[in-house]
Protein chains: 2
Amino acid sequence: MSADRAGQPITMRQVAEAAGVSIATVSYVVNDKKGARIGPEARQRVLDAVKELGFRPNALAKTLSSGSSNFIGLVADAIATTPFAGQIIHGAQDEAWKHGYVLLVANTEGDLAAEEAAISMMLEHKVRGILYSTWYHRAVTAPPALHETEYVLVDCFDTATPAPAVVPDEREGGNVATRLLLNAGHTRIAFVNTTTPSPARSGRLAGYRDALQGAGIAFDPTLVLDAAPEQEGGYAVAGRIRDLGVTGVFCHNDRVAMGLYDGLRELGLTIPNDIAVVGFDNQEVIAAHLRPPLSTVALPHYELGAAGVRVLLGLQEAPTGAPLAISCPPVPRASV
Amino acid sequence: MSADRAGQPITMRQVAEAAGVSIATVSYVVNDKKGARIGPEARQRVLDAVKELGFRPNALAKTLSSGSSNFIGLVADAIATTPFAGQIIHGAQDEAWKHGYVLLVANTEGDLAAEEAAISMMLEHKVRGILYSTWYHRAVTAPPALHETEYVLVDCFDTATPAPAVVPDEREGGNVATRLLLNAGHTRIAFVNTTTPSPARSGRLAGYRDALQGAGIAFDPTLVLDAAPEQEGGYAVAGRIRDLGVTGVFCHNDRVAMGLYDGLRELGLTIPNDIAVVGFDNQEVIAAHLRPPLSTVALPHYELGAAGVRVLLGLQEAPTGAPLAISCPPVPRASV
DNA sequence: TTGAAAGCGCTAACAG
DNA sequence: CTGTTAGCGCTTTCAA
């Protein structure tokens, strides 16, 4: 009955014949065109035929004919390696669908040729625009081909071009994280930052300072340590943390916090009684299941993706000159 | 010069005019058609015009005209929540690209309506076929709409239909994991299985028994425990594990192993000296950064995605009646 | 209220 | 060797 596996797909022409109307009429009722005045009688016959035959409009023909495609491209550099890219995709897709667009995603794993190919492919599919995203917040230089269409940078930015960009508000995030500790009464708080220069590194530090200042606490540079941004880094600074005599620690990310948990435990310290810990990123697998569950600050990847398409579609204004900063909400659990 | 932001995209017609040839000729040289005999002179003029104008063929028009689309749909149920789905996407995409196809991905987060909508969308874009994937190996019942095209199930299977499916070889994986312990000389090995019934639960257990048998060790049912498949589950069984007097433990997954690490440590036991531990899944964030790094077995998500498209395209045979089982390679680290 | 017809950009016979 | 032409499935004036 319907367009099963076998035969060619049903076309409008066939529906028109079955309903005994013209193909134009079918187009009108299928698309529920407003201007069109179709008799209820004819309309019903068309609807019946559509159901009967299992007609699926050909989106490609529609695009070709109407001139405007419903594709939005998303090139990501690390779909595979982190859950973060997944969140961006998810957010972008939900938002795109909401506005009748379909996501064309391409994974490049950082490979330049793949990136080039991905963008070409998207351009050939006449996408409405492209979201160029990275899995961690950083500066990039947009591939030249990108300029052939509209695009917005997601979780990255390019100082050389005035392209719109959407990034997490690292500074506010650092502030929020620190306040998680401050609000619990801690006043002597260490910050385990990362060794690698990045917007996250400087932004979160600035936020940490903002929060202290807001609480009337003097910034003490000896309280900020640098560590490799993984478990190993956190583990390695445990001793120094203890020696600092702090009661709270803000870690650059959840993985560092996880390592710190191990280190602190080996020193006989308990969390949060002896030392309170807060992370950053809200990486579920880790944060939600540490003992005790880690209080942290979420990186708004879903929102980045969603905001990216909104900006691309002109539904949301992006400040010119600077990226649109999306805020990082606190996720309190039990480590403070 | 090229089709920048502003104007309408360049078409073949314009290239033809610029090169002083017919539009058919342009088509031939652009597609490098074999049958076509184009004079080197004309061909060069076309190539020049293409470059000059920045011509990008319209993939949609091409599809419409040639009748065969180059889309492959991938519907995933949890892009956002795990890195696993990302790996499937990555594998599927690499393989698809290799054969000239483009991935149309849709995330459904398990929502039935979204699933329905996603499949419709793909059908309307006349995809060559659809990959229906889940983020963990399980039985599903394929949505009816899927039957309107060719499809293959990835990381899931449907006993009600003879549709091709690609899944991880849980049994062999369990075997491999156990042998990691066996090969290190352990003979009294516990298996912390999950409480939730699934192909993983029964398959890995079967593999565990296979391995023991292969080593001439009698299966002892008291050595297999059930635990919730997260950190908490592993943590909870630490005491019982110690009491069992085993020297090695195979955990149902890496998260359980992570919890067990904590539990064992609290009991004063060290890994791997007092007890060797192996996990399953090879979840990077965790496995690679535990102390000591966790020996585990990898779930072949990338391969699942890749094999899925191969089967879909008829490039690889899938056994009828049963899913194609992809093997799970060992990832030895330092916990054995 | 409906239908005829002219494209959208490209492919693929078929003529020259 | 290269150009003409008839579609692909659909949208959209413009007539009827």
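Each value, and the rule that gives it
- Residues numbered from 1 in each chain as written.
- Chains lettered and ligands numbered in written order.
- Predicted model: local features only at pLDDT ≥ 70, side-chain atom pairs only at ≥ 80, totals over all residues.
- Heavy atoms only, no water.
- Phe/Tyr/Trp six-rings, centres within 6.5 Å; stacked < 30°, edge-to-face > 60°.
- Buried < 20%, exposed > 50% of the residue type's maximum accessible area, 1.4 Å probe, protein only.
- Helix = DSSP H or I, 4+ residues; strand = E, 2+ residues; numbered from the N terminus.
- Least-squares fit on C-alpha atoms with pLDDT ≥ 70 in both.
- Contact = heavy atoms within 4.5 Å.
- Salt bridge = Lys/Arg side-chain N within 4 Å of Asp/Glu carboxyl O.
- Polar contact = N/O pair within 3.5 Å; in protein donor to acceptor, adjacent residues only side chain to side chain.
- Nonpolar A, V, L, I, M, F, W, Y, C, P; charged D, E, K, R; others polar.
- Near = heavy atom within 4 Å.
- Pairing = 2+ DSSP bridges.
- Axes fitted to C-alpha atoms, helices over the stretch in contact; angles between N-to-C directions.
- Arc of directions from axis to C-beta.
- Disulfide = S-S within 2.5 Å.
- UniProt positions renumbered as here; feature names shortened; annotations may be inferred.

Chain A is annotated in an unreviewed UniProt entry as Transcriptional regulator, LacI family of Herbiconiux ginsengi.

(A) Local environment of the packing of aromatic side chains. According to the stated counting rule, one finds 13 aromatic pairs over all chains in the structure shown. Seen from their ring centres, Trp135 of chain B and Tyr136 of chain B are 5.2 Å apart, and the 75° between their planes marks the pair as edge-to-face. Judged by its relative accessible area of 27%, Trp135 of chain B is partly exposed. Taking the relative accessible area as the measure of exposure, Tyr136 of chain B reaches 41% and is therefore partly exposed. Seen from their ring centres, Phe191 of chain B and Tyr208 of chain B are 5.3 Å apart, and the 35° between their planes marks the pair as tilted. Taken together, the positions of Phe191 of chain B in strand 6 (residues 189-194) and Tyr208 of chain B in helix 8 (residues 199-214) put the pair 17 residues apart, joining distant regions of the chain. For Tyr208 of chain B, a relative accessible area of 0% translates into the label buried. Taken together, Phe191, Tyr208, Phe219, Phe250 and Phe280 of chain A form an aromatic cluster joined through their ring pairs.

(B) Highlighting the relation of the copies chain B and chain A. Least-squares fitting of chain B to chain A yields an RMSD of 0.1 Å, with the superposition described by an axial translation of 0.0 Å and a rotation of 180°. Here the transformation between the copies is reduced to the relation of a two-fold axis. When C-alpha positions in chain B are compared against the rotation axis, the closest is assigned to Pro83 of chain B, at 2.3 Å. Interface residue correspondence from chain B to chain A reaches 100%, placing this contact among same-surface, isologous pairings.

(C) Layout of the interface of chain B and chain A. Residue-level contacts link 60 residues of chain B with 60 residues of chain A. Scanning the region where chain B abuts chain A turns up six salt bridges. A salt bridge links Arg265 of chain B to Asp262 of chain A, with the shortest nitrogen-to-oxygen separation between them at 3.4 Å. Viewed at the interface, chain A and chain B are joined by 22 residue pairs in polar contact (both at pLDDT 80 or more). Residue assignment for the side of chain B that touches chain A shows that the elements contributing at least two residues are helix 4 (59-66), helix 5 (83-98), strand 2 (102-107), helix 6 (112-124), helix 9 (231-244), helix 10 (254-266) and helix 11 (284-287) of chain B. Residue classes in the side of chain B that touches chain A are distributed as 30 nonpolar, 15 polar and 15 charged.

(D) Here's a closer look at the protein's contact with DNA strand D. Within the structure, DNA strand D sits among 25 residues, and Met12, Ser27, Tyr28 and Ser65 of chain A together with Gly39 of chain B are positioned closest to it. Looking at DNA strand D alone, sugar and phosphate atoms form 69% of those within 4 Å of the protein. Between a phosphate oxygen of DNA strand D and a main-chain N or O atom of Met12 of chain A, the distance comes to 2.5 Å. Contacts to DNA strand D include Asn58 of chain A, whose backbone N or O atom sits 3.0 Å from a phosphate oxygen. For the surface near DNA strand D, the secondary-structure elements that each account for two or more residues are helix 2 (23-31) and helix 4 (59-66) of chain A together with helix 2 (23-31) and helix 4 of chain B. Here the surface near DNA strand D gets five residues from one element, more than from any other, and that element is helix 2 of chain A. Residue classes in the surface near DNA strand D are distributed as twelve nonpolar, ten polar and three charged.

(E) Representation of the sheet that holds strand 7 (residues 224-227) of chain A within the structure. Residue and element names in this part refer to chain A. Spatial strand order, 7-6-8-9: four strands in an open sheet with parallel pairing. Edge positions in the sheet fall to strand 7 and strand 9 (276-278), since each of these pairs with one other strand and no more. Looking at each pair of strands side by side, their axes are set apart by 20° on average, direction ignored. Relative to strand 9, strand 8 (residues 248-251) is paired through three bridges, and the arrangement is parallel. Its bridge partner lying in strand 9, Gly248 is registered against Ala276. Across the face of the sheet, helix 7 (residues 170-182) comes into contact with strand 6 (189-194), strand 8 and strand 9 while running at roughly 160° to strand 8.

(F) Focus on helix 2 of chain B. Residues and elements named next belong to chain B. Turning to helix 2, its buried residues number three or more, namely Thr25, Val26 and Val29. Viewed end-on, helix 2 has its buried residues packed into an arc of 100°, placing them on one side of the element. At the N-terminal end of helix 2, a side-chain oxygen is found 3.2 Å from the backbone nitrogen of Ala24, two or three residues along, and the residue is Ser22. Following helix 2 by one or two positions, Asp32 adopts a phi angle in the positive range, close to 55°.

(G) Molecular detail of the protein's contact with DNA strand C. The environment of DNA strand C is made up of 24 residues, and the closest members are Ser22 and Gly39 of chain A together with Met12, Ser27 and Ser65 of chain B. Counting only the atoms of DNA strand C that lie within 4 Å of the protein, the sugar and phosphate share comes to 68%. With respect to DNA strand C, the side chain of Lys33 of chain B contributes an N or O atom lying 3.2 Å from a phosphate oxygen. A distance of 3.0 Å separates a phosphate oxygen of DNA strand C from a polar backbone atom of Asn58 of chain B. Listing elements by their share of the surface near DNA strand C, those giving two or more residues are helix 2 and helix 4 of chain A together with helix 2 and helix 4 of chain B. For the surface near DNA strand C, the element with the highest residue contribution is helix 2 of chain B, accounting for five residues. A breakdown of the residues in the surface near DNA strand C according to their chemical character gives twelve nonpolar, nine polar and three charged.

(H) Molecular detail of the sheet that holds strand 6 of chain B. Residues and elements named next belong to chain B. The strand order across the open sheet formed by four strands is 7-6-8-9, and the pairing between neighbours is parallel. Of all the strands in the sheet, the pair left with one neighbour each is strand 7 (224-227) and strand 9 (276-278). Each neighbouring strand pair of the sheet contributes to a mean axis angle of 20°, computed without reference to strand direction. Judged from the four bridges that link them, strand 6 and strand 7 form a sheet pairing that is parallel. In the sheet register, Asn193 faces strand 7, and the bridge partner there is Asp226. Together, strand 6, strand 7 and strand 8 (248-251) form the strand contacts of helix 8, whose direction differs from that of strand 6 by roughly 170°.

(I) The state of the cysteines, seen in detail. Residue and element names in this part refer to chain A. Summed over the entire model, instances satisfying the criterion amount to zero disulfides over all chains. Free cysteine: Cys328, not disulfide-bonded; nearest cysteine sulfur from Cys156 at 16 Å. We classify Cys328 as buried; its relative accessible area is 1%.

(J) Geometry of the UniProt feature "domain: HTH lacI-type" (unreviewed entry) in chain A. Here, the residues flagged by UniProt with the feature "domain: HTH lacI-type" (unreviewed entry) are residues 10-66 of chain A. Split by type, residues 10-66 of chain A is 68% helix and 0% strand. Its first and last C-alpha atoms lie 20 Å apart.

(K) Geometry of the side chain of Ser335 of chain B. All names here are of chain B. Along the chain, Ser335 falls in the segment after strand 12 (330-331). Taking the relative accessible area as the measure of exposure, Ser335 reaches 0% and is therefore buried. Among the polar contacts made by the side chain of Ser335, one reaches the main-chain carbonyl oxygen of Val277 at a distance of 2.6 Å. The contact partners of Ser335, leaving out residues within four places of it in the chain, are Tyr261, Ile271, Pro272, Ala276, Val277, Pro292, Pro293, Leu294 and Ser295.

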